[in-house]
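Notes for the structure review
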Amino acid sequence: EFLKVEVNPDGTFDLTNKKQNRVHKGLNYFEDGGENGDARKHIPPMNDQVISSRGVSVKSASVEDGPVLARIKIELTLELPEEILPKKPKMIVEEAEPAIASRSEKTANYIITSYVTLKANSDILEVETHIDNNVKTINKDKKKTAIQL
């Protein structure tokens, strides 16, 4: 009634606001870049490259399709560098040597699953994203995160 969602082959979606006749294209994409700093200071690794989910193949399926609720599951996998090498010793970030750190050539699967939900008589689109993080982070070797936007 209020919104329309169309899923694209790369897992992004286009959202149409029917009342305002406005279309927002290419929503729900993800980017990853290296990080050798901490929460206070961003230090990119040497020769860093940003990896985007745009253009990757995805699995999408309707998981609920009824008169009250419609939900689509979108799952994609990014191949991300597994870690930053060499590992920096614990030190004050300002003393870190970003020029010697780079992302590893070895990669790991980074699985992103989004659930896109439209409810009847609602002008709100709900997106819940789960990230299965199999790459090593600064604080922990593995981390799983769920984010609801």
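Here, every reference points to the structure presented above.
The present account deals with the structure reproduced in this document. Predicted model, so just to flag it, every value in this text is computed and none were measured.

Time to look at the packing of aromatic side chains. Using the criterion set out here, one finds 0 aromatic pairs in the structure. Of note, Arg 54 hangs over the ring of Tyr 29, and the distance from its end group to the ring centre comes to 3.7 Å.

The subject of this paragraph is the pattern of salt bridges. Taken as a whole and judged by the stated rule, the model has 7 salt bridges. With a closest N to O distance of 3.6 Å, Glu 75 and Lys 59 form a salt bridge. You can see Glu 75 sitting in strand β7 (residues 69-81) and its partner Lys 59 sitting in strand β6 (residues 58-65), a full 16 residues away along the chain. With relative accessibility at 22%, the residue Glu 75 sits in the partly exposed group. With a relative accessible area of 59%, Lys 59 lands in the exposed category.

A few words now on the nonpolar core. Side chains of nonpolar character tend, in soluble globular proteins, to be buried together. Among the nonpolar cores identified, the biggest contains 10 residues, and these are Phe 30, Ile 51, Leu 76, Leu 78, Leu 80, Ala 108, Tyr 110, Ile 112, Ile 131 and Val 135. Of all the secondary-structure elements, those providing two or more residues to this core are β7 and β10 (107-119). The contact partners of Leu 78, leaving out residues within four places of it in the chain, are Ser 52, Ser 53, Val 56, Ala 108, Asn 109, Tyr 110 and Ile 112. By size, the runner-up hydrophobic cluster in this structure holds 9 residues, among which are Val 5, Phe 13, Val 116 and Leu 125.

Of note, Thr 117 is situated in strand β10. For Thr 117, a relative accessible area of 4% translates into the label buried. A distance of 2.8 Å separates the side chain of Thr 117 from the side chain of Arg 71, its partner in a polar contact. Other than its neighbours up to four places away in sequence, Thr 117 contacts Leu 69, Ala 70, Arg 71, Ile 124, Leu 125 and Glu 126.

This paragraph deals with the pairing of strand β3 (residues 22-27). With 4 bridges joining them, strand β2 (residues 13-17) and β3 adopt antiparallel strand pairing. Looking across to β3, one finds that Asn 17 is bridged to Arg 22. In textbook terms, the turn of a hairpin is the stretch between consecutive antiparallel strands, and for β2 and β3 this stretch comprises 4 residues, one of which, Asn 21, has a positive phi near 55°.

Time to look at the sheet that holds β2. Sheet strands pair via backbone hydrogen bonds, and the direction of the pair is either parallel or antiparallel. With antiparallel pairing, 3 strands are arranged side by side in an open sheet as β1-β2-β3. Only two strands of the sheet have a single partner each, and these edge strands are β1 (3-7) and β3. Ignoring which end each strand starts from, the neighbouring axes of this sheet average 15° apart.

Side-chain alternation along strand β11 (residues 125-133) places Leu 125, Val 127, Thr 129, Ile 131 and Asn 133 on a buried face and Glu 126, Glu 128, His 130 and Asp 132 on a face that remains uncovered. Bridging between β10 and β11 involves 9 bridges; their strand directions are antiparallel. Bridging across to β11, Ser 114 finds its partner in Thr 129.

Reading guide: rules and limits
- Residues numbered from 1 in each chain as written.
- Predicted model: local features only at pLDDT ≥ 70, side-chain atom pairs only at ≥ 80, totals over all residues.
- Heavy atoms only, no water.
- Phe/Tyr/Trp six-rings, centres within 6.5 Å; stacked < 30°, edge-to-face > 60°.
- Lys NZ or Arg CZ within 6 Å of the ring centre and 35° of its normal.
- Salt bridge = Lys/Arg side-chain N within 4 Å of Asp/Glu carboxyl O.
- Helix = DSSP H or I, 4+ residues; strand = E, 2+ residues; numbered from the N terminus.
- Buried < 20%, exposed > 50% of the residue type's maximum accessible area, 1.4 Å probe, protein only.
- Core = buried A, V, L, I, M, F, W, Y, C linked by side-chain atoms within 4.5 Å.
- Contact = heavy atoms within 4.5 Å.
- Polar contact = N/O pair within 3.5 Å; in protein donor to acceptor, adjacent residues only side chain to side chain.
- Pairing = 2+ DSSP bridges.
- Axes fitted to C-alpha atoms, helices over the stretch in contact; angles between N-to-C directions.

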